[in-house]
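Listed below are the residues making up each chain.
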Amino acid sequence: LKAGEDQLAQDDIESVVAAAQGKPVKVIIETGLLSNEEIVRASLISERAGAKFVKTATGFLGRGATVEDVQLIHKTVSDKVEIKASGGVKTLASALQMIEAGATRIGTSSGVALVTGLTATTNY
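Asker: Quick question: what am I supposed to make of the overall build of the protein chain here?
Answerer: Along the protein chain, the regular secondary structure elements total five helices and four strands. Along the protein chain, from the amino end to the carboxyl end, the secondary structure elements read α-β-α-β-α-β-α-β-α. On C-alpha atoms alone, the protein chain measures out to a radius of gyration of 15 Å, which is about the 14 Å that the 2.2 N^0.38 rule sets for 124 residues. With respect to the principal axes defined by its C-alpha atoms, the protein chain has extents near 45 × 30 × 25 Å. Within the span of the protein chain, comprising 124 residues, buried residues form 42% of the whole. If you take every contact in the protein chain between residues at least 6 apart in sequence, the share linking residues at least 24 apart comes to 64%.

Asker: Honestly, the pattern of salt bridges in this entry has me stumped. Any pointers?
Answerer: Side chains that differ in sign of charge can pair as their charged atoms come close. Following the criterion strictly, the structure yields six salt bridges and no others. Note that aspartate 6 is salt-bridged to arginine 41, the shortest N-O span being 2.6 Å. Residue aspartate 6 is found in helix 1 (residues 6-19), and its partner arginine 41 is found in helix 2 (residues 36-48); the two are separated by 35 residues along the sequence. In this structure arginine 41 comes out as buried when scored by relative accessible area, which is 18%. The partner of lysine 52 in a salt bridge is glutamate 82, and the shortest N-O contact between them spans 3.3 Å. Here lysine 52 is found in the loop between helix 2 and strand 2 (53-55), whereas its partner glutamate 82 is found in strand 3 (residues 82-86), with 30 residues between them in sequence. Classification of lysine 52 by relative accessible area gives partly exposed; the value is 33%. Counted as one network, the salt bridges with shared partners bring together Asp6, Glu37 and Arg41.

Asker: Sorry, what's going on with the nonpolar core here?
Answerer: Side chains that are nonpolar tend, in soluble globular proteins, to be buried together. Ranked by size, the top nonpolar core spans 29 residues in total, and within it Val27, Ile29, Ile39, Val70, Ile73, Ala85 and Met98 carry the most contacts. Where this core is concerned, the elements lending two or more residues are helix 1, helix 2, helix 3 (67-76), strand 3 and helix 4 (92-101). Sorting elements by how many residues they give to this core places helix 4 first, with five residues. Every residue in contact with methionine 98, bar those within four places of it in the chain, is listed here: Ala65, Thr66, Val67, Val70, Ala85, Val89, Ala103 and Ile106.

Asker: Honestly, the packing of helix 2 against helix 3 in this entry has me stumped. Any pointers?
Answerer: At a minimum axis separation of 9 Å, helix 2 and helix 3 run at an interaxial angle of 45°. Overall, the two elements helix 2 and helix 3 adopt an arrangement that is oblique. Here helix 2 and helix 3 pass one another in a crossing that is right-handed. Of helix 3, the residues touching helix 2 (which contributes Asn36, Ile39, Val40, Ser43 and Leu44) are Asp69, Leu72, Ile73 and Thr76. Here the contact of helix 2 with helix 3 is built from residues that sort into five nonpolar, three polar and one charged.

Asker: How do you make sense of the layout of surface pockets when you look at a structure like this?
Answerer: By volume, the largest pocket amounts to about 240 Å³. Along the wall of the largest pocket there are 13 residues; nearest its centre are Ala9, Ile13, Val27, Ile28 and Ser46. For the lining of the largest pocket, the secondary structure elements donating two or more residues are helix 1, strand 1 (26-28) and helix 2. With four residues, helix 1 is the largest single contributor of residues to the lining of the largest pocket. Class assignment of the residues belonging to the lining of the largest pocket gives a composition of 10 nonpolar, one polar and two charged.

Cut-off values and rules
- Residues numbered from 1 in each chain as written.
- Predicted model: local features only at pLDDT ≥ 70, side-chain atom pairs only at ≥ 80, totals over all residues.
- Heavy atoms only, no water.
- Helix = DSSP H or I, 4+ residues; strand = E, 2+ residues; numbered from the N terminus.
- Rg over C-alpha atoms; globule rule 2.2 N^0.38 Å.
- Buried < 20%, exposed > 50% of the residue type's maximum accessible area, 1.4 Å probe, protein only.
- Contact = heavy atoms within 4.5 Å.
- Salt bridge = Lys/Arg side-chain N within 4 Å of Asp/Glu carboxyl O.
- Core = buried A, V, L, I, M, F, W, Y, C linked by side-chain atoms within 4.5 Å.
- Axes fitted to C-alpha atoms, helices over the stretch in contact; angles between N-to-C directions.
- Parallel < 35°, antiparallel > 145°, perpendicular 65-115°, else oblique.
- Left-handed = near helix turned anticlockwise from the far one by under 90°.
- Nonpolar A, V, L, I, M, F, W, Y, C, P; charged D, E, K, R; others polar.
- 1 Å grid on protein atoms, 1.4 Å probe; cavity = no way out; pocket = protein on both sides within 12 Å on 5 of 7 lines; lining within 4 Å.
- Points joined across faces, edges and corners; volume = space filled by probe spheres on them.

Here it is as structure tokens:
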């Protein structure tokens, strides 16, 4: 992707989707290492290749998910592709912001804190 070889990236994802034999495939695009234009390209490539999810980050490289990243991906892909916000989602407030931005899944190591806070919230 960084080298502009979009078709090669798509072919690679397509081979993983084929090997998954109908099981959902999640593509991690490491948004913290990409420009907005690259995030859009990576999201579109992932969808064209048949991925079920686009995930913002592993949480180990660059920065984690931002609301802006999730919004950009959400505007880019169709409703067939779900978004997993991951990396840096540590509070209930940040998780709810990601959901409002379009995330359908949250990746966090702070699950207990999120669920504990969620019990006091009536909107979700």
